Amino acid sequence: MANHEPKHPNSVLLPFMAPGHIIPMIDMAKLLAKRGVDVTIIVTHLDAARFSSVIHRAVESGLSIRLLKIRFPCEEAGLPPGCESIELLPSYNLVPNFFAATNMLQKPLEKMLIEIAPTPSCIICDKHLSWTAETCNKFQIPRIIFDGMSCFTQLVTHNIYLSKIHQTVPPNEPFVVPGLPDRIEFTRLQLPGLFNPGPTDLIDVREQVMKTELQAYGVVINSFEEVENRYVDEFRKLKNGRVWCVGPLSRYSSGDLGIRGGIQASIDYDQCLKWLDERERGSVVYACLGSLGRLSPPQFMELALGLEASHHPFILVMQGGERLVEVERWISDEGIEERCRERGLFVRGWAPQVLILSHPGVGAFLTHCGWNSTLEGISAGLPMITWPIFADQFLNEKLVVQVLETGVRVGARGIVYLGEEEKPEINVTRDEVKEAVRRVMDEREDGCERKERARKLGEMAKRSVEEGGSEALAQRGPVSRYMARVASTNGATFRLPLLAGRLRQRR
Ligand code: UDP
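Note that the structure is predicted; figures quoted are calculated from it, not measured.

Each value, and the rule that gives it
- Residues numbered from 1 in each chain as written.
- Predicted model: local features only at pLDDT ≥ 70, side-chain atom pairs only at ≥ 80, totals over all residues.
- Heavy atoms only, no water.
- Axes fitted to C-alpha atoms, helices over the stretch in contact; angles between N-to-C directions.
- Helix = DSSP H or I, 4+ residues; strand = E, 2+ residues; numbered from the N terminus.
- Parallel < 35°, antiparallel > 145°, perpendicular 65-115°, else oblique.
- Left-handed = near helix turned anticlockwise from the far one by under 90°.
- Contact = heavy atoms within 4.5 Å.
- Nonpolar A, V, L, I, M, F, W, Y, C, P; charged D, E, K, R; others polar.
- Buried < 20%, exposed > 50% of the residue type's maximum accessible area, 1.4 Å probe, protein only.
- Pairing = 2+ DSSP bridges.
- Right-handed = clockwise from strand over helix to strand, strands pointing away.
- Near = heavy atom within 4 Å.
- Polar contact = N/O pair within 3.5 Å; in protein donor to acceptor, adjacent residues only side chain to side chain.
- Areas by Shrake-Rupley, 256 points an atom, 1.4 Å probe, with all protein chains shown as cover.
- Arc of directions from axis to C-beta.
- pLDDT = per-residue confidence, 0-100.
- Disulfide = S-S within 2.5 Å.
- Salt bridge = Lys/Arg side-chain N within 4 Å of Asp/Glu carboxyl O.

### With respect to the packing of helix H6 (residues 151-163) against helix H15 (residues 393-403)
- Running from N to C, H6 and H15 point in directions that differ by 115°, and their axes come no closer than 9 Å. Classified by the interaxial angle, the pair formed by H6 and H15 is roughly perpendicular. Like other packed secondary-structure pairs, H6 and H15 cross with a definite hand, here right-handed. Between H6 and H15, the residues in contact are Phe-152, Thr-153, Val-156 and Thr-157 and Leu-395, Asn-396, Lys-398, Leu-399 and Val-403, respectively.
- Each residue belonging to the contact of H6 with H15 can be placed in one class, and the counts come to 5 nonpolar, 3 polar and 1 charged.

Printed below as a string of structure tokens:
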């Protein structure tokens, strides 16, 4: 292993291959590099192509970021060629193969690590790449994990996992999660796959992720203290202080908003901004249900009809590969796009989400509550209409609706696994969409107060990444203590990803 003394702290970033995981990691690379860290980010060939222009711009602006490519073994894992990112899988049944492919990255990654000089100060990796625990152990490099979820989700998951409370009640009966700062209820049907497995067998993968998570040196969270402070405190206690909230990471995208996702947006930005400019301030509902296109065609139709019935201007983003064919047919038969021509913008494929959310014409965000989207909505100071579908999304909905009181549910009742979308008991209706939009856009007491709370959170989000904001965060103790300890682990003068700039100034 190369063992030169580093001039700067250097960090290797290893994202999981899904837009919701890699996008915040790319933002994190910029944050670290701005703080004087030499960053190496290792991605598949597909993601290298997607993100090379973002990285190129960062490098041009003087940031030390290097992109290394690793071959994703589609063929060996039984995946169709080019399926290097989870949203590209043609079927949910291939998810185990996808994880098998990610496991095959261990050997080539270790080979790369031998060649990376100087030895990395730390590796920040997605927790779903559980083999990195063994690798970091072997190379004696601190492993810091990132999984793109909130402290609220981390704490809820931990407490349910320990208590097994969900096993004591029928699947659709609510239970109170023990040990939380608030009285929070869920049904088992709303919980992520660890507690509520779908038809695909991922038990081993999940258990392995849980086990190796416990061995990690620390956790980086895309969040900021004020948005979930009591949950940050509790989670930090659990992790002996080694929890850093470095978000909202989307705020490090300024200048790149158009190309942030690495995927070419399907709509011309100027056209999109012009359309928004022509609407009244705060009048538009922006509706996007994430990068994975998990809403079934019939549910998408209910969403579109609900938005139409709300009489508010809207932007509706349509993802979903092959499923879009059915939706397109419906749109044309129904004539909805034509009917809503004056006030509805249908975006097919990737939308410049953060750019849209920051436009003053937007008044609310209808979201599936992926954590990135949730935090982007919070940062934009917007009230939200929540339609969780799977994973941690019901947990994020709970944070927004009950704890922050900035959202209204459309009324989704439980996780929908692919192939189960037609179950009537979990379906949302157009009337529910219309009613949720009405409540959020309402100018009377309830709606006004909700908007005001959302606006204040947006202000806090801005402050948290302003000059001094992160510094203040860093001075809160655990961060600097952690950094010092990392330094001693590797025996170098400084190993401090987030504080590098500050430390150098002090010397
Ligand atoms: N996103 C986007 N345009 C789209 C769809 C998604 O920019 O058309 C971005 C969005 O801003 C967020 C990420 O993709 O940063 C989605 O992550 P999230 O955690 O919200 O949901 P996921 O897609 O992982 O379910």
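### Side note on the pairing of strand E1 (residues 10-14)
- Of all 5 residues in E1, 5 are buried; the element is thus mostly enclosed.
- Both faces of E1 are covered, namely the face carrying Asn-10, Val-12 and Leu-14 and the face carrying Ser-11 and Leu-13.
- Where E1 meets strand E2 (residues 38-44), 4 bridges bridge the pair, whose relative direction is parallel. What sits directly across from Asn-10, in E2, is Asp-38.
- After leaving E1, the chain enters helix H1 (residues 19-34) and then returns to the sheet as E2, a path that is right-handed.
- As paired strands, E1 and strand E4 (residues 122-126) are joined by 4 bridges and run parallel to one another. Of the residues in E4, the one forming a bridge with Val-12 is Ile-123.

### A word on the site of the ligand
- Close to the ligand lie 19 residues, the nearest being Ser-291, Gln-319, Ala-351, Ser-373 and Glu-376.
- Contact distances for the ligand include 2.5 Å between an oxygen atom and a side-chain N or O atom of Ser-291.
- Out of a free accessible area of 530 Å², the ligand has 94% covered by protein chains.
- Every element with two or more residues in the shell around the ligand is listed here: H1 and helix H14 (371-379).
- Broken down by element, the residue count for the shell around the ligand peaks at 4 residues, all from H14.
- The residue makeup of the shell around the ligand, split by class, is 6 nonpolar, 11 polar and 2 charged.

### What to know about helix H3 (residues 95-103)
- Every buried residue of H3 is listed here: Val-95, Phe-98, Phe-99, Ala-101 and Thr-102. Seen end-on, H3 carries its buried residues on one side only, within an arc spanning 155°.
- Elements in contact with the buried residues of H3: helix H4 (106-115) and helix H7 (203-215).

### Things to note about the confidence of the model for the chain
- Averaged over all residues, the pLDDT of the chain equals 87, while 87% of them reach at least 70.
- Among the scores for the predicted complex, ipTM is 1.00 and pTM is 0.91.

### Details of the sheet that holds E4
- Taken in spatial order, the 7 strands make up an open sheet running E3-E2-E1-E4-E5-E8-E9, and their pairing is parallel. Each edge of the open sheet carries a strand with a single partner, namely strand E3 (65-70) and strand E9 (243-245). Strand-to-strand twist across the sheet, computed as the mean angle between neighbouring axes with direction ignored, equals 25°.
- Two strands pair when backbone bridges link them, and E2 and E3 are joined in this way by 6 bridges, in the parallel orientation. When the bridges of E3 are listed, Val-39 appears paired with Ile-65.
- Strand contacts of H4: E1, E2, E3 and E4, with the helix running at about 140° to E3, the strand carrying the most contacts.

### Side note on the sheet that holds strand E11 (residues 314-318)
- Spatially, E12-E11-E10-E13-E14-E15 is the arrangement adopted by the 6 strands of the open sheet, whose pairing is parallel. Two strands lie at the open edges of the sheet, namely strand E12 (344-348) and strand E15 (407-409), each paired on one side alone. Across the sheet, the axes of successive neighbouring strands diverge by a mean angle of 20°, strand direction being ignored.
- Here strand E10 (residues 284-288) pairs with strand E13 (residues 362-367) via 5 bridges, running parallel. Residue Tyr-286 lies in a different strand from E13, and its bridge partner there is Phe-365.
- Relative to E11, helix H9 (residues 269-277) is tilted by about 150°, and along the sheet it contacts E10, E11, E12 and E13.

### Let's talk about the state of the cysteines
- Applying the stated criterion across every chain yields a total of 0 disulfides.
- Here Cys-83 stays unpaired: no disulfide links it, and the sulfur of Cys-74, its closest cysteine neighbor, is 6.1 Å away.
- Considering cysteine sulfurs only, Cys-136 is the nearest to Cys-125, which forms no disulfide, with 5.4 Å between them.

### Remarks on unusual backbone geometry
- In this chain, Ala-117 is followed by Pro-118 through a cis amide linkage whose omega measures -5°.
- In this structure, Pro-118 sits in the loop between H4 and E4.
- At the junction of Gly-247 and Pro-248, the peptide bond is cis and its omega measures out at -5° in the coordinates.
- Mapping Pro-248 onto the fold places it in the loop between E9 and H9.
- You will see that Gln-140, though not glycine, has its phi angle at about 55°, which is positive.
- Checked against the element boundaries, Gln-140 lands in the loop between helix H5 (132-139) and strand E5 (143-146).

### What to know about the pairing of E2
- In terms of burial, E2 is a largely internal element, 6 of the 7 residues being buried.
- Once the chain exits E2 it traverses helix H2 (residues 45-60) before rejoining the sheet at E3, and the crossover so formed is right-handed.

### Regarding the pattern of salt bridges
- Scanning the model with the defined rule gives 27 salt bridges in all.
- Glu-110 is the partner of Lys-138 in a salt bridge, and the nearest nitrogen-oxygen pair spans 2.6 Å. Taken as a pair, Lys-138 in helix H5 and Glu-110 in helix H4 lie far apart in primary sequence, 28 residues in all.
- For Lys-138, a relative accessible area of 52% corresponds to the exposed category.
- On the basis of relative accessibility, which here comes to 10%, the residue Glu-110 falls in the buried class.
- In this structure, Glu-234 engages Lys-237 in a salt bridge whose closest nitrogen and oxygen atoms are separated by 3.0 Å. Of this pair, Glu-234 and Lys-237 both sit in helix H8 (residues 229-238), 3 residues apart, which is roughly one turn of that helix.
- The class for Glu-234 is partly exposed, based on a relative accessible area of 28%.
- A single network of salt bridges, built from pairs that share partners, joins Asp-47, Arg-50 and Glu-87.

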